Amino acid sequence: MTTDNQTKIWVWSLPIRLGHWVIVISVGVAWITHHGPAWLHHTAGYVALALAGLRTFTGMLGPARDRFSRFVASPENTFS
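Nothing here was measured: the structure is a model prediction, and the numbers come from that model.

## Concerning the overall build of the protein chain
Thought 1: Helices and strands together make up the secondary structure of the protein chain, namely three helices and zero strands.
Thought 2: Ordered by position from N to C terminus, the α and β elements of the protein chain give α-α-α.
Thought 3: Computed over the C-alpha atoms, the radius of gyration of the protein chain is 17 Å, more than 25% above the 12 Å expected from 2.2 N^0.38 for a compact globule of 80 residues.
Thought 4: Overall, the C-alpha framework of the protein chain stretches about 50 × 35 × 25 Å when taken along its three principal axes.
Thought 5: Among the 80 residues that make up the protein chain, the fraction classed as buried is 16%.
Thought 6: Accessible area of the protein chain: about 6700 Å², with a carbon and sulfur share of 71%.

## What to know about the side chain of aspartate 66
Thought 1: As for its position among the elements, aspartate 66 is in the loop between α2 (38-61) and α3 (75-79).
Thought 2: Residues in contact with aspartate 66, not counting those within four places in the same chain, are Trp12, Ser13, Ile16, Arg55, Thr58 and Gly59.

## Comments concerning a nonpolar patch on the surface
Thought 1: Among the surface-exposed residues, Leu54, Phe57, Met60 and Leu61 lie close enough to one another that they form a single nonpolar patch of about 440 Å² accessible area.
Thought 2: With respect to the helices, strands and loops of the structure, leucine 54 is situated in helix α2.

## Thoughts on the confidence of the model for the protein chain
Thought 1: Model confidence for the protein chain is summarised by a mean pLDDT of 86, while 91% of its residues fall at 70 or above.
Thought 2: Per-element confidence in the protein chain ranges from a low mean pLDDT of 76 for α3 to a high of 95 for α2.

## A short note on the packing of helix α1 (residues 14-32) against α2
Thought 1: Two elements in contact, α1 and α2, have axes separated by 8 Å at closest approach and are oriented at 150°. As the angle between them shows, α1 and α2 are arranged roughly antiparallel. Relative to α2, the crossing made by α1 is left-handed. Residue-level inspection shows Ile16, Gly19, His20, Val22, Ile23, Ser26, Val27, Val29 and Ala30 of α1 in contact with α2, the latter providing Leu40, His41, Ala44, Gly45, Val47, Ala48, Leu51, Ala52, Arg55 and Thr58.

## Structural notes on the side chain of serine 13
Thought 1: Mapped onto the fold, serine 13 is located in the segment before α1.
Thought 2: Polar contacts involving the side chain of serine 13 include one to the side chain of aspartate 66, which spans 2.8 Å.
Thought 3: The residues touching serine 13, leaving out its near neighbours within four places in the chain, are Arg65 and Asp66.

## Remarks on α1
Thought 1: Across its 19 residues, α1 extends 27 Å between first and last C-alpha, which sits within 8% of the 27 Å expected from 1.5 Å per residue.
Thought 2: Regarding α1, the residues found buried are Ile16, Gly19, Ser26 and Ala30. The arc that holds the buried residues of α1, viewed along the axis, is 80°, so those residues lie on one side. Facing away from the buried side of α1 by over 90 degrees, the exposed positions are Trp21, Ile25, Trp31 and Ile32.
Thought 3: On its buried side, α1 packs onto α2.

Calculation rules
Residues numbered from 1 in each chain as written. Predicted model: local features only at pLDDT ≥ 70, side-chain atom pairs only at ≥ 80, totals over all residues. Heavy atoms only, no water. Helix = DSSP H or I, 4+ residues; strand = E, 2+ residues; numbered from the N terminus. Rg over C-alpha atoms; globule rule 2.2 N^0.38 Å. Buried < 20%, exposed > 50% of the residue type's maximum accessible area, 1.4 Å probe, protein only. Areas by Shrake-Rupley, 256 points an atom, 1.4 Å probe, with all protein chains shown as cover. Contact = heavy atoms within 4.5 Å. Patch = residues over 30% accessible without salt bridge, like charges linked within 9 Å, V, L, I, M, F, W, Y side chains within 5 Å. Salt bridge = Lys/Arg side-chain N within 4 Å of Asp/Glu carboxyl O. pLDDT = per-residue confidence, 0-100. Axes fitted to C-alpha atoms, helices over the stretch in contact; angles between N-to-C directions. Parallel < 35°, antiparallel > 145°, perpendicular 65-115°, else oblique. Left-handed = near helix turned anticlockwise from the far one by under 90°. Polar contact = N/O pair within 3.5 Å; in protein donor to acceptor, adjacent residues only side chain to side chain. Expected span 1.5 Å × (residues − 1). Arc of directions from axis to C-beta.

Structure, rendered in C-alpha cells:
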C-alpha cells in the first residue's frame, strides 16, 4: 500500500517476477508429485531448471534492472 507521497517502485521486471512465481509453482508440483505421475514430476523439474538457467542468464546479461550487479548487497559483501 502506498500513501499520497509515496510511489511504487518495481525492483524487477514483469517477466522476472512471473518467472520467479512459475519456479515456485513448478517446485511445488514436483514436490507433490514425487510419488505420482512421473511425466508430471519430471516436467515440473525441467521447467524449474530451465527457468533457473534463464534467470541466471538474464542476471548476468539481461536488462540493467534485472542484473545481479544491481542487488542491494553484492555477493562479495554478503559472504565476506
